[in-house]
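Listed below are the residues making up each chain.
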Amino acid sequence: MKRTEEAAPDAVDARLGARLAALRAERGWSLGDVAERSGVSRSTLSRAERAEISPTASMLNRLCAVYGRTMSQLLSEVETEPALLVRAADQQVWQDRDAGFVRRSVSPPHRGLRGELVEGRLAPGADIAYDRPPVPGLEQHIWVLEGALAMTDQDDEHHLDSGDCLRLRVWGPTRFRCVGDTAVRYVLAVVLP
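A. Representation of helix α4 (residues 57–67) in the model. Within α4, eight of the eleven residues are buried, leaving the element largely enclosed by the surrounding structure. All of the buried residues in α4 are A57, M59, L60, N61, L63, C64, V66 and Y67. Phi turns positive, to about 70 degrees, at G68, one or two residues after α4.

B. Highlighting the confidence of the model for the protein. For the protein, per-residue confidence averages 89 on the pLDDT scale, and residues scoring 70 or more make up 93% of the total. Within the model, the stretch residues 1–6 combines pLDDT values under 50 with twelve contacts to residues more than four positions away or in other chains.

C. Molecular detail of the sheet that holds strand β2 (residues 101–105). Strands sit in the order β1-β2-β3-β10-β5-β8 across an open sheet of six strands; the sheet is antiparallel. What marks the edges here is a single partner per strand, and that holds for β1 (93–96) and β8 (165–170). Along the sheet, successive strands turn relative to each other by an average axial angle of 20 degrees, direction set aside. Pairing of β2 with strand β3 (residues 115–122), which is carried by five bridges, proceeds in the antiparallel orientation. Bridging across to β3, V102 finds its partner in R121.

D. Layout of the packing of aromatic side chains. Summed over all chains, the structure comprises three aromatic pairs. When the centroid spacing of 5.9 Å and the interplanar angle of 20 degrees are considered together, the rings of W29 and Y67 count as stacked. With W29 in the loop between α1 (11–27) and α2 (31–38) and Y67 in helix α4, this pair connects stretches of sequence that are 38 residues apart. Given the relative accessible area of 18%, W29 is considered buried. Judged by centre distance (6.2 Å) and plane angle (80 degrees), the rings of Y130 and F176 are edge-to-face. In this pair, Y130 sits in strand β4 (residues 127–130) while F176 sits in strand β9 (residues 174–178), placing the two residues 46 residues apart along the sequence.

Criteria and thresholds
- Residues numbered from 1 in each chain as written.
- Predicted model: local features only at pLDDT ≥ 70, side-chain atom pairs only at ≥ 80, totals over all residues.
- Heavy atoms only, no water.
- Buried < 20%, exposed > 50% of the residue type's maximum accessible area, 1.4 Å probe, protein only.
- Helix = DSSP H or I, 4+ residues; strand = E, 2+ residues; numbered from the N terminus.
- pLDDT = per-residue confidence, 0-100.
- Contact = heavy atoms within 4.5 Å.
- Pairing = 2+ DSSP bridges.
- Axes fitted to C-alpha atoms, helices over the stretch in contact; angles between N-to-C directions.
- Phe/Tyr/Trp six-rings, centres within 6.5 Å; stacked < 30°, edge-to-face > 60°.

This is how it looks when you write it as structure tokens:
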């Protein structure tokens, strides 16, 4: 998402940009190296690292794949101290406003754990595509709480209504679409292989 010249960067975007820059530096990679590995342009990467733009869900997914992290792991790394309990009011919310996607990290963040819960919300007509999983073989359980979701895993499309749950391992491209007239809200349980 673009910001106006006067607007200050969002605090989460600023910490996220600094973490992305640190991950790149830890590996000794240039912006060009990360651009080549992720398919995200150098200029976009540079602007995200400086918090001049808020990364999209698709962009974060690509960067997570490059750095071998899930999105929740990356987002938890910009928090100060992992907690055992995170109250609903304190759960981290991240938005891709252009795509109509809201992501809430439900599980208390912790780098050493293999499972996590995420709440996703897609506005009517929202369509999010990921060209690869952040970690190959990632196990996902998608439980629709409200609305209707079309989820595509490579070439297989699954239609889920309220109460339906889909379990799969992700090896290739995926797509999440809100197919109803109302928003879809779902829980995504993610388990590292």
